[in-house]
Amino acid sequence: MSAPHSPAPPGDLPKTRGARKGRGAASNVDGRFEPYRHEADDDGWGEPEATSPVRTTVAIDRARTIISHNESPDIPFEQSINPYRGCEHGCVYCYARPSHTYLGLSAGLDFESRLFTKPNAAALLKQELRAPGYKPSPITLGANTDPYQPIERRYRVTRSILEVLAACEHPVVIITKSARIEQDLGLLAAMAQKSLVQVFISITTLKAELARRLEPRASAPARRVQALRALSEVGVPVGVLVAPVIPVITDGEIESILEAARAAGARAANYALLRLPHEIKDLFKEWLSEHAPLAATHVMARLREARGGKENDPRFGSRMRGEGAYADMIRHRFRLARDRLGLRGRDMADLDVTRFRPPSASGDQMSMF
């Protein structure tokens, strides 16, 4: 869809293991498209190699188009926009990590430290919305990387996209695990009055210390619950995504997460089982070895049980929820808790596509409402 502007060459981060403060990945695994592989070498001294902090850098992605179109039968939206490539939240389990390998970068530390922003996103969006024959359907923000990750505070690409959508009254669904969404409460509340927005907050665990290790630069769980409440109080339809459910590590929290979200005003809930496509398998096993070594064997056994004996199952229809006795148990528990709390499925309310009017072709300025 787009090509980054002059990306820096890969491979300049140390290939050492061990937890790094503020980072989810422990290493910079080679991408599956790279012609060479790096391996650690024991120098015989018996001491771990010193690691240095990994600095976040942001480059410009000169995108040529901005709306992505989805044909996957198990994803409930047709259109999405990703304001950024890579995500500084650093969630070790993030299924989007392998997308960085298409840039010649690593799904490991590169994904969470070498980011790309799309400053022309709003201009491209206007062009695509006014294209002849465009048919409006809700656009999802956050389907791949988080639209409210820390660099949004500076670059405001997500805000610029929302302003375009609000001006032409186009519906949007936002998925995030960041309380930074509160900075756009006014805009989102105005859109909600016209049935133009829904927001889903992703909560993996309510345990602060576990969250710090799993998703080190995302908002703390308590702040996500506060964001749910803040959005609900201004009339924005909000839901919770219990995602991913990690066997043994977080699967015992399904009911408590739903209860906390419902108390904060959530109207809907959904979940997804942990997925480990491509390079994520090795990154997650490294995380287990570092942070949960005693549970590692049990975690992977449960996951394989739900994935037909494999560590990952990419098939449509099963990749989100899994299959087998363990997956059925998770599905049953989730549905019982959701029904008991009066939460709906993913759709909270109908978004209004009839209000849409294409952006004006004259000038770059549009009225917000």
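Data block above holds the structure.
(A) Quick peek at the overall build of the protein chain. The number of helices and strands found in the protein chain is eleven helices and eleven strands. In the protein chain, buried positions account for 56% of the 369 residues. When contacts within the protein chain are restricted to residue pairs at least 6 apart in sequence, those whose partners lie at least 24 apart make up 81%. Accessible area of the protein chain: about 16600 Å², with a carbon and sulfur share of 50%.

(B) Up close: the nonpolar core. By size, the foremost hydrophobic cluster in this structure holds 65 residues, and its most contacted members are L125, L129, I174, V197, V199, L231 and L258. At six residues, the largest contribution of residues to this core is made by helix α4 (residues 157–167). Those residues in contact with I174 that lie beyond four places of it in its chain are L141, P147, Y148, L162, I181, L188, V197, Q198, V199 and F200.

(C) Focus on the packing of α4 against helix α5 (residues 185–192). The geometry of α4 relative to α5 is characterised by a closest axis approach of 11 Å and an angle of 25° between their N-to-C directions. In terms of orientation, α4 and α5 fall into the roughly parallel class. By crossing handedness, the relation of α4 to α5 is classed as left-handed. When α4 is examined against α5, the residues R159, L162, E163, L165 and A166 are found in contact with a partner set consisting of L187, L188 and M191. Residue composition of the contact of α4 with α5, by class: six nonpolar, no polar and two charged.

(D) The side chain of R338, seen in detail. Inspection of the secondary structure assignment puts R338 in helix α11 (residues 325–340). Although R338 is buried, it makes no salt bridge; D339 carries the closest opposite charge, 4.1 Å away.

(E) Quick look at the side chain of K177. By the element assignment, K177 lies in the loop between β8 (172–176) and α5. The class of K177 is buried, set by a relative accessible area of 9%. Here Y93 takes part through its side chain, which lies 2.6 Å from a polar atom of the side chain of K177. Apart from the residues lying within four places of it in its own chain, the contact partners of K177 are H89, C91, Y93, D146, S202, T204, E215, A218, S219 and R224.

(F) Representation of helix α8 (residues 254–263) in the model. Of all the positions in α8, only I254, I257, L258 and A261 are classed as buried. Down the axis of α8, the buried set is contained in an arc of 95°. They therefore lie on one face. Contacts from the buried residues of α8 go to α7 (221–233), β10 (238–245), β11 (268–273) and α11. Trailing α8 by a residue or two, G265 shows a phi angle of about 110°, which is positive.

(G) Inspection of the pairing of strand β6 (residues 114–117) at higher detail. Here β6 shows a buried face lined by R114 and F116 and a second buried face lined by L115 and T117. Sheet topology places strand β2 (residues 57–63) next to β6; four bridges connect them, and they run parallel. Its bridge partner lying in β6, A59 is registered against F116. With two bridges connecting them, strand β5 (residues 84–85) and β6 associate as antiparallel partners. Paired with Y84 across the two strands is T117, which belongs to β6.

(H) Highlighting the pattern of salt bridges. Enumeration according to the criterion identifies 20 salt bridges in this entry. Note that R85 is salt-bridged to D61, the shortest N-O span being 2.8 Å. Of this pair, R85 sits in strand β5 while D61 sits in strand β2, and the two are 24 residues apart along the sequence. A salt bridge links D328 to R331, with the shortest nitrogen-to-oxygen separation between them at 2.6 Å. In this pair, D328 and R331 are both assigned in helix α11, three residues apart and thus about one turn of the helix distant. For R331, a relative accessible area of 18% corresponds to the buried category. Sharing partners across several salt bridges, the network here consists of E169, K194, R355 and R357.

(I) Seen up close, α5. The element α5 is extensively covered by neighbouring structure, given that seven of its eight residues are classed as buried. Residues of α5 that are buried include every one of L185, L187, L188, A189, A190, M191 and A192, and no others. Contact partners of the buried residues in α5: α4, β8, β9 (197–202) and α7.

(J) The sheet that holds β10, seen in detail. In space, the seven strands of this open sheet follow the order β3-β4-β7-β8-β9-β10-β11, with mixed pairing throughout. Either end of the sheet is taken by a strand with one partner, and the two such strands are β3 (68–69) and β11. As defined by bridge partners, strand β4 (residues 79–81) adjoins strand β7 (residues 139–141) across three bridges and the pair is classed as parallel. Across the sheet, the residue bridging to I81 is L141, located in β7. Lying on the sheet, α4 is in contact with β4, β7 and β8; it crosses β7 at an angle near 160°. α7 rests against β9 and β10 of the sheet, and its axis sits at about 165° to β9.

(K) Quick look at the state of the cysteines. A complete count under the given rule lists zero disulfides for this structure. With no disulfide of its own, C91 lies 6.2 Å from the sulfur of C87, the closest cysteine sulfur.

Quick notes on the rules
Residues numbered from 1 in each chain as written. Predicted model: local features only at pLDDT ≥ 70, side-chain atom pairs only at ≥ 80, totals over all residues. Heavy atoms only, no water. Helix = DSSP H or I, 4+ residues; strand = E, 2+ residues; numbered from the N terminus. Buried < 20%, exposed > 50% of the residue type's maximum accessible area, 1.4 Å probe, protein only. Contact = heavy atoms within 4.5 Å. Areas by Shrake-Rupley, 256 points an atom, 1.4 Å probe, with all protein chains shown as cover. Core = buried A, V, L, I, M, F, W, Y, C linked by side-chain atoms within 4.5 Å. Axes fitted to C-alpha atoms, helices over the stretch in contact; angles between N-to-C directions. Parallel < 35°, antiparallel > 145°, perpendicular 65-115°, else oblique. Left-handed = near helix turned anticlockwise from the far one by under 90°. Nonpolar A, V, L, I, M, F, W, Y, C, P; charged D, E, K, R; others polar. Lys, Arg positive; Asp, Glu negative; His and termini not counted. Salt bridge = Lys/Arg side-chain N within 4 Å of Asp/Glu carboxyl O. Polar contact = N/O pair within 3.5 Å; in protein donor to acceptor, adjacent residues only side chain to side chain. Arc of directions from axis to C-beta. Pairing = 2+ DSSP bridges. Disulfide = S-S within 2.5 Å.

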